[in-house]
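# Structural features, examined
Below, each chain spelled out in residue letters.
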Amino acid sequence: MRSTQQFSVTLPTEMAQMVRAKVSSGDYASESEVIRDGLRALQARDRAVENWLRQEVVPAYDAMKADPSRGRSTADVRASLAAEHERATKKTP
């Protein structure tokens, strides 16, 4: 049984040119290799987002749910950001 499956893919002209350019430059042996590498990058991004959600977002949400007093109001956040922006953009004489 084959471990691959053939697809017919339609790409916008700009993307098709990019795929051809990658093959022409010698970066990839075939158009299929370019597409496979792009899909691997998409998988890696999806895994990174999933890990971030599980390792950072969920614990932060759980902590806020357990102790809402840890939260800050929108007005407080905006004031902090405005103050930081002011400090960062202030010119020293």
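The coordinates are above.
Everything numeric in this text was worked out from a predicted model, so none of it was measured.

All right, on to the overall build of the chain then. Broken down by element type, the chain carries three helices and zero strands. In terms of C-alpha radius of gyration, the chain reaches 24 Å, well past the compact-globule figure of 12 Å for 93 residues. Viewed in the frame of its principal axes, the chain has a C-alpha envelope of about 60 × 45 × 20 Å. Summed over its atoms, the accessible surface of the chain is roughly 8700 Å², and 55% of this surface lies on carbon and sulfur atoms.

We now examine the pattern of salt bridges. On inspection of all chains with the given rule, the structure shows five salt bridges. Measuring nitrogen to oxygen at the nearest pair gives 3.9 Å for the salt bridge that ties Asp37 to Arg40. Highlighted residues: Asp37 and Arg40, both in helix H2 (residues 31-66), separated by three residues, approximately one helical turn. Judged by its relative accessible area of 30%, Asp37 is partly exposed. In this structure, Arg54 engages Glu50 in a salt bridge whose closest nitrogen and oxygen atoms are separated by 2.8 Å. Taken together, the residues Arg54 and Glu50, both in helix H2 and four residues apart, mark about one turn of the helix. Looking at Arg54, the relative accessible area reads 57%, which means it is exposed.

Turning next to H2. When the terminal C-alpha atoms of H2 are compared, their 51 Å separation across 36 residues agrees well with the 52 Å that a helix rising 1.5 Å per residue should span. The sharpest bend along H2 comes to roughly 35°, located at Leu53.

With that settled, the discussion passes to the environment of Ser30. Mapped onto the fold, Ser30 is located in the loop between helix H1 (13-24) and H2. Residue classification places Ser30 among the partly exposed residues on the basis of a relative accessible area of 23%. Apart from residues no more than four positions distant in its own chain, Ser30 is found in contact with Val23 and Arg36.

What follows deals with a nonpolar patch on the surface. Judged by side-chain polarity, Phe7, Val9, Leu11, Met15, Ile35, Leu39 and Leu42 come together as a nonpolar surface patch covering roughly 660 Å² of accessible area. Take the nonpolar patch: its biggest share by element is three residues, from H2. Mapped onto the elements of the fold, Phe7 is located in the segment before H1.

Reading the values: the criteria
- Residues numbered from 1 in each chain as written.
- Predicted model: local features only at pLDDT ≥ 70, side-chain atom pairs only at ≥ 80, totals over all residues.
- Heavy atoms only, no water.
- Helix = DSSP H or I, 4+ residues; strand = E, 2+ residues; numbered from the N terminus.
- Rg over C-alpha atoms; globule rule 2.2 N^0.38 Å.
- Areas by Shrake-Rupley, 256 points an atom, 1.4 Å probe, with all protein chains shown as cover.
- Salt bridge = Lys/Arg side-chain N within 4 Å of Asp/Glu carboxyl O.
- Buried < 20%, exposed > 50% of the residue type's maximum accessible area, 1.4 Å probe, protein only.
- Expected span 1.5 Å × (residues − 1).
- Bend = angle between axes of the 7 residues up to and from the residue.
- Contact = heavy atoms within 4.5 Å.
- Patch = residues over 30% accessible without salt bridge, like charges linked within 9 Å, V, L, I, M, F, W, Y side chains within 5 Å.

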